[in-house]
Amino acid sequence: QAKREGRNTVRLFKRSNSSELLTRLGLVHELNQAIEEQQFTVYYQPQYSFSQGKVTGVEALVRWQHPEKGLLTPYHFLSEAEEFGLLSQIDQVVMAQAFNETKRWHDAGYTDLEVSVNMSYHLFNQVNVLDIVNQLISDAGLSPKHVCIEITESIALNQVKHAKETIQTFQSLGVKVALDDFGTGYSSLSQLRNFTFDRVKIDQAFIRQSTGDDVDAKFVEAIIHMAKLFGFDVVIEGVETLNQLVFVRNNYADKAQGYLIQKPAPKDALALDLTFKQMTDEK
Ligand code: C2E
Ligand code: MG
Ligand code: MG
Ligand code: MG
């Protein structure tokens, strides 16, 4: 262990000059403090279901209310938090908030609303991950069937057996598991075969280029149809325009998520009653 840490330290020094290093050490200190002082907050983004004609779920997205820098998105701290071993804790803070909030939405009448949370490599590969998640769900008084765990394929690359078992155990508890950012990794196709995902989220990169150019449109069409053939619930991420929304609906995607529908927002600013007509009229 000491040896490993020693090597990491050397790497850290070699890669960065001393002022970069100070910045990074400062960030680690700030991140630790942020966890302690509960500076992390959760934004939510609705997922709209075409077949049900309403918002059926929300994705929880972490934000850091930094005392001086203001509200920070994951881009500004997530990879550092991961590198310094803090992301598992942050994930748990996010889950606790998101599950509690979802329970409040249920009590307010949105009785079937589902919540999706993103799970880091570290937490997913922790031996007690199932106990942790199960405990957080029951602490919130939520039913597991209203929870979906989003993982990316990189989570499963090194420990395929653990990944398969963990996914299946989550599912046996009633928790759904989604493959996030589908299509961007090394082994996307085999991931669909090897793992028993409930849901696949097609990466934003695909929809970005999907309308206008016929070839790209066919590409997205093919991805959606393939995921459907495997029986997955298909979510398209990053829908920003009306053309894109209509395109994915016409190609039988189950759900859409993106700025057109709603940008991620704090709990009190969410539009959970959104209709298709409102989405298409207002823009
Ligand atoms: P993700 O899970 O793929 O989440 C979707 C990201 O795309 C979010 O960025 C969201 O704000 C953004 N987005 C949604 N719709 C659109 C759109 O129409 N256009 C564009 N350009 N972007 C859109 P965000 O919130 O900055 O999060 C980035 C990534 O950070 C997430 O990607 C996820 O991988 C990670 N992340 C967020 N929250 C957590 C968390 O609590 N735990 C962990 N481990 N990772 C998290
Ligand atoms: Mg996600
Ligand atoms: Mg994604
Ligand atoms: Mg992503």
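Above this text is the structure in question.
Since the structure is predicted, the reported quantities are computational estimates derived from the model, not experimental observations. (Residues numbered from 1 in each chain as written. Chains lettered and ligands numbered in written order. Predicted model: local features only at pLDDT ≥ 70, side-chain atom pairs only at ≥ 80, totals over all residues. Heavy atoms only, no water.)

Enquirer: Just checking my understanding: could you explain the overall build of the chain for this structure?
Expert: If you tally the helices and strands in the chain, you get 12 helices and 9 strands. In summary, the chain has a C-alpha radius of gyration of 20 Å against a globular reference of 19 Å for 283 residues, a match within 12%. Overall, the chain is about 55 × 40 × 40 Å in size when its C-alpha atoms are taken along their principal axes. For the chain, the residues scored as buried account for 47% of the 283 residues in total. Within the chain, residue pairs in contact and separated by at least 24 positions form 68% of the contacts whose partners lie at least 6 positions apart. (Helix = DSSP H or I, 4+ residues; strand = E, 2+ residues; numbered from the N terminus. Rg over C-alpha atoms; globule rule 2.2 N^0.38 Å. Buried < 20%, exposed > 50% of the residue type's maximum accessible area, 1.4 Å probe, protein only. Contact = heavy atoms within 4.5 Å.)

Enquirer: I would appreciate a short explanation of the site of ligand 1 in the present structure.
Expert: Of all residues adjacent to ligand 1, which total 23 residues, the nearest are Arg63, Asp91, Gln204, Glu240 and Tyr259. A distance of 3.0 Å is found between an oxygen atom of ligand 1 and a side-chain nitrogen or oxygen belonging to Glu59. In the model, an oxygen atom of ligand 1 is placed 3.1 Å from a nitrogen or oxygen of the Asp181 side chain. Across the complex, the protein chains shield 82% of the 810 Å² of accessible surface that ligand 1 would expose by itself. Of all the elements in the fold, those that place two or more residues in the shell around ligand 1 are strand E2 (54-66), helix H4 (87-107), strand E6 (176-182) and helix H9 (204-208). In terms of residue count, E2 provides more of the shell around ligand 1 than any other element does, 4 residues in total. For the shell around ligand 1, the residue count by class is 9 nonpolar, 6 polar and 8 charged. (Near = heavy atom within 4 Å. Polar contact = N/O pair within 3.5 Å; in protein donor to acceptor, adjacent residues only side chain to side chain. Areas by Shrake-Rupley, 256 points an atom, 1.4 Å probe, with all protein chains shown as cover. Nonpolar A, V, L, I, M, F, W, Y, C, P; charged D, E, K, R; others polar.)

Enquirer: Can you walk me through the coordination of the magnesium ion (ligand 3) in this structure?
Expert: Six octahedral donors around a metal ideally sit at 90 or 180 degrees from one another, while four tetrahedral donors ideally sit at 109.5 degrees. Looking at the metal site, the magnesium ion (ligand 3) is ligated by Asp180 (OD), Asp181 (OD), Glu237 (OE) and Glu237 (OE), spaced 2.0 to 2.5 Å from it. Within one chain, the residues serving as donors to the magnesium ion (ligand 3) are arranged as D-D-x55-E. Between the two metal centres, the magnesium ion (ligand 3) and the magnesium ion (ligand 2), the spacing is 4.2 Å, with Asp180 acting as a shared donor. Of this pair, Asp180 sits in strand E6 while Glu237 sits in the loop between strand E8 (233-236) and helix H11 (242-250); the two residues are 57 residues apart in sequence, bridging distant segments of the chain. The pair Asp180 / Glu237 is uniform in exposure class, with both members buried. (Donors = N, O, S within 2.8 Å, 3.2 Å for Na, K, Ca; no water.)

Enquirer: Explain the pattern of salt bridges here, please?
Expert: Once their charged atoms are close, side chains differing in charge can pair, the charge on each being opposite to the other. This model, assessed by the stated rule, comprises 16 salt bridges. Here Asp254 ties to Lys228 by a salt bridge, and the two come within 2.8 Å at their closest N and O atoms. Linking Asp254 in the loop between H11 and strand E9 (255-256) with Lys228 in helix H10 (residues 214-229), this pair joins segments that are 26 residues apart in sequence. Judged by its relative accessible area of 31%, Lys228 falls in the partly exposed class. Between Asp281 and Lys277 there is a salt bridge; the shortest N-O distance is 2.7 Å. Of this pair, Asp281 and Lys277 both sit in helix H12 (residues 276-282), 4 residues apart, which is roughly one turn of the helix. Since its relative accessible area comes to 56%, Lys277 is described here as exposed. (Salt bridge = Lys/Arg side-chain N within 4 Å of Asp/Glu carboxyl O.)

Enquirer: Is there a simple way to think about the packing of aromatic side chains in this case?
Expert: Aromatic ring pairs are defined here through the distance separating the ring centres and the angle between the ring planes. Considering all chains together, one arrives at 10 aromatic pairs under this definition. Both rings, one in Tyr48 and one in Phe276, keep their centres 6.1 Å apart while their planes meet at 40 degrees; by these two values the pair is tilted. In this pair, Tyr48 sits in strand E1 (residues 40-49) while Phe276 sits in helix H12, placing the two residues 228 residues apart along the sequence. Comparing Tyr48 with Phe276 shows no difference in burial state: the two are buried. With 6.0 Å between their ring centres and 25 degrees between their planes, Phe230 and Phe232 make a pair best called stacked. In this structure Phe230 comes out as partly exposed when scored by relative accessible area, which is 40%. These aromatic residues form a ring-pair network of at least three members: Phe40, Trp64 and Phe77. The ring of Tyr259 has Lys263 lying over it, and the distance from NZ or CZ to the ring centre is 4.9 Å. (Phe/Tyr/Trp six-rings, centres within 6.5 Å; stacked < 30°, edge-to-face > 60°. Lys NZ or Arg CZ within 6 Å of the ring centre and 35° of its normal.)

Enquirer: Looking at this structure, I do not really get the pairing of E6. What am I missing?
Expert: For a regular strand, side-chain orientation follows a simple rule: the groups alternate between the two sheet faces. In terms of burial, E6 is a largely internal element, 5 of the 7 residues being buried. Relative to E6, strand E5 (residues 147-151) runs parallel, the two sharing 4 bridges. When the bridges of E6 are listed, Ile151 appears paired with Leu179. Of the crossover connections in this fold, the one passing from E5 over helix H7 (residues 160-173) to the parallel E6 is right-handed. (Pairing = 2+ DSSP bridges. Right-handed = clockwise from strand over helix to strand, strands pointing away.)

Enquirer: What is the right way to read the packing of H4 against helix H6 (residues 129-140) from this model?
Expert: Each pair of packed helices gets described by two things: the angle between the helix axes and the distance between those axes. At a minimum axis separation of 8 Å, H4 and H6 run at an interaxial angle of 30 degrees. As the angle between them shows, H4 and H6 are arranged roughly parallel. Classified by chirality, the crossing of H6 by H4 is right-handed. Within the contact between the two elements, H4 uses Gln92, Met95, Ala96, Phe99, Asn100 and Lys103 and H6 uses Ile132, Val133, Leu136, Ile137 and Ala140. Counted by class, the contact of H4 with H6 contains 8 nonpolar, 2 polar and 1 charged residues. (Axes fitted to C-alpha atoms, helices over the stretch in contact; angles between N-to-C directions. Parallel < 35°, antiparallel > 145°, perpendicular 65-115°, else oblique. Left-handed = near helix turned anticlockwise from the far one by under 90°.)

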